[in-house]
Amino acid sequence: MASHNPSPWIYANIRMICLALLFMLLVEISTAHELSPAFYATSCPRALSTIKSAVRSAVAREARMGASLLRLHFHDCFVNGCDASILLDDTSSFTGEKKAGPNNNSVRGFEVIDNIKKQLESLCPGIVSCADIVAVAARDSVVALGGPTWNVQLGRRDSTTASKDAATSNLPPPTLDLNGLISAFSNKGFTAKEMVALSGSHTIGQARCSSFQGRLNNEKTIDSKFAKSLKSKCSSGGSGTALSPLDVSTPTAFDNSYYKNLLSQKGLLHSDQQLFSKGSTDSQVIAYSNNVGSFRTDFANAMVKMGNLSPLTGTSGQIRTNCRKVN
Ligand code: HEM
Ligand SMILES: *[C@@H]1O[C@H](CO)[C@@H](O)[C@H](O)[C@H]1NC(C)=O
C-alpha cells in the first residue's frame, strides 16, 4: 500500500504550483482591473505634479475654475462611469454629452484639461488618460480652494463613445425633491448621507438664474430678503444667464458654510434647500454645519467612491491623445 502513495516530493510540487497560481491570480486582480494611486509612479512620475501646478495656476487666474473642474468630474462619473466621455465633441456617429440639458452652456474647464493633456503628452506620450486627469484635477481644485485632500485612485481609461441621452437621464436636475435626490444617488450606489456630503460641493461655484429662478416666487423655503436680491439680479441679467454664487457667504472657499446657509433658508437651488426642509436629511445638514471636520472626511471618502464608478481598465477603452476626440 505504502508504495502507491505519492512521495512528499510530489506534494511539495503541487503546493508550489497552487501557490504560484494563487499569486498570479492576485497580481491579475490587483494590477489589471483595479485602480491604484501609484498607477503612474514609473510610467509617468511627473504626471501628478504637472496636473497640480496647472490646476493651481488656473484657479489662481479664476477661483471659479476650481468649482468647474470639480463639477466636470461629477458629470463625467455619473454618466457611464468616470471615462472622460464628457470631454468628447459631437461626431457624425454620436451626439455627445456636452449639449445635454444639464451640461449645455454650463459645464466648463475643457481648456484647462486640454492644456494639461498637451503637457502630459509631451512628457509621457499615450500614458495618462483623460479620465484620470479629470479625477486628479477635481481633487487639486478642492485643495486649492481650502478643502480636504484624498488619494486619487488611478488607471482609468477613456471611452470611445458618449451619449447625450445618458447624460440627460443620469444627471440630477435642480428641480428634484429630496426623494428624487436620494434615488438619483442611490442608483449610483450612494447613501443619503453621502449624497448630502457630495452636495457640499455647492460651497463653491456659480449657477445661472435659469437653474433656480423657479424657486424665487413660488417657494416658502427661501429667506425673503435673499429671494428679493436674487430676483433683482436675475431680472437685470439676460434671459436666465446671470450668475449667482451657490454659497452666498463664502463662494470661493471650500468650507461648511453651504450647510449653514441651508439652516437659514439660503440654499440657492431648490435641490439644495430640499436637504433641509423638514425631511430625513435635516439632521445630517445640522451635523455638517456644526462639524467641518466630519464634512471634510465624509466628502473626501465620497469623492474616492465617486471616482470608482465603473472605470474602464485593463484593455477596455483607450488612452486618448486628444481628450476631445477618439484616437
Ligand atoms: C445633489 C444633486 C445635484 C444637483 C441637482 C446639482 C445641480 C447643479 C446645478 C443646477 C448647478 C448650476 C449649473 C448652472 O446653472 O450653470 C450646479 C453647479 C455646481 N455643481 Fe452641482 N448638483 C448636484 C450635485 C453636485 C455634486 C455631487 C457635485 C460634485 C461632486 C457638484 C458640483 C457642482 C459645482 C462645483 C458647481 C459649480 C460649477 C461652476 O461654477 O462652474 N454638484 N449643480
Ligand atoms: C444649447 O445652447 C445653445 C445656446 O443657448 C442653444 O442654441 C442650443 O439649442 C442648446 N442645445 C440643446 C441641444 O439644447
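Residues numbered from 1 in each chain as written. Chains lettered and ligands numbered in written order. Predicted model: local features only at pLDDT ≥ 70, side-chain atom pairs only at ≥ 80, totals over all residues. Heavy atoms only, no water.

Under an unreviewed UniProt entry, the name given to the chain is Peroxidase, and the source organism is Ziziphus jujuba. Checking UniProt for the chain, the heading Catalytic activity (unreviewed entry) contains the comment "2 a phenolic donor + H2O2 = 2 a phenolic radical donor + 2 H2O". The record held by UniProt for the chain lists under Subcellular location (unreviewed entry) the comment "Secreted". (UniProt positions renumbered as here; feature names shortened; annotations may be inferred.)

Visitor: What exactly am I supposed to notice about helix α8 (residues 192-199) here?
Guide: Working note: α-helix, 3.6 residues per turn, so residues spaced by three or four point in the same direction. With respect to burial, α8 is a largely interior element, six of its eight residues being buried. The set of residues buried in α8 consists of Glu194, Met195, Val196, Ala197, Leu198 and Ser199. At its buried positions, α8 is contacted by α7 (178-186), α11 (257-263), α13 (282-290) and α14 (292-307). (Buried < 20%, exposed > 50% of the residue type's maximum accessible area, 1.4 Å probe, protein only. Helix = DSSP H or I, 4+ residues; strand = E, 2+ residues; numbered from the N terminus. Contact = heavy atoms within 4.5 Å.)

Visitor: Explain the site of ligand 1 here, please?
Guide: For ligand 1, the set of nearby residues contains 25 residues, the closest of which are Arg64, Ser68, Ser106, His202 and Ser211. A distance of 2.9 Å is found between an oxygen atom of ligand 1 and a backbone nitrogen or oxygen belonging to Gln206. Separating an oxygen atom of ligand 1 from a side-chain N or O atom of Ser211 is a distance of 2.6 Å. Elements represented by at least two residues in the shell around ligand 1 include exactly α3 (64-77), α7, α8 and β1 (206-208). If one sorts the elements of the shell around ligand 1 by residue count, α3 sits on top with five residues. (Near = heavy atom within 4 Å. Polar contact = N/O pair within 3.5 Å; in protein donor to acceptor, adjacent residues only side chain to side chain.)

Visitor: Explanation requested: the packing of α3 against helix α5 (residues 130-144) in the structure shown.
Guide: A packed helix pair is summarised by two numbers, namely the angle formed by the two axes and the spacing between the axes. Running from N to C, α3 and α5 cross one another at 140 degrees; their axes reach a closest spacing of 8 Å. For the element pair α3 / α5, the angle class is oblique. You can see that α3 and α5 cross each other, and the crossing is left-handed. Residue-level inspection shows Gly66, Leu69, Leu70, Leu72 and His73 of α3 in contact with α5, the latter providing Val134, Ala135, Ala137, Ala138, Ser141 and Val142. Across the contact of α3 with α5, the residue classes tally to eight nonpolar, three polar and no charged. (Axes fitted to C-alpha atoms, helices over the stretch in contact; angles between N-to-C directions. Parallel < 35°, antiparallel > 145°, perpendicular 65-115°, else oblique. Left-handed = near helix turned anticlockwise from the far one by under 90°. Nonpolar A, V, L, I, M, F, W, Y, C, P; charged D, E, K, R; others polar.)

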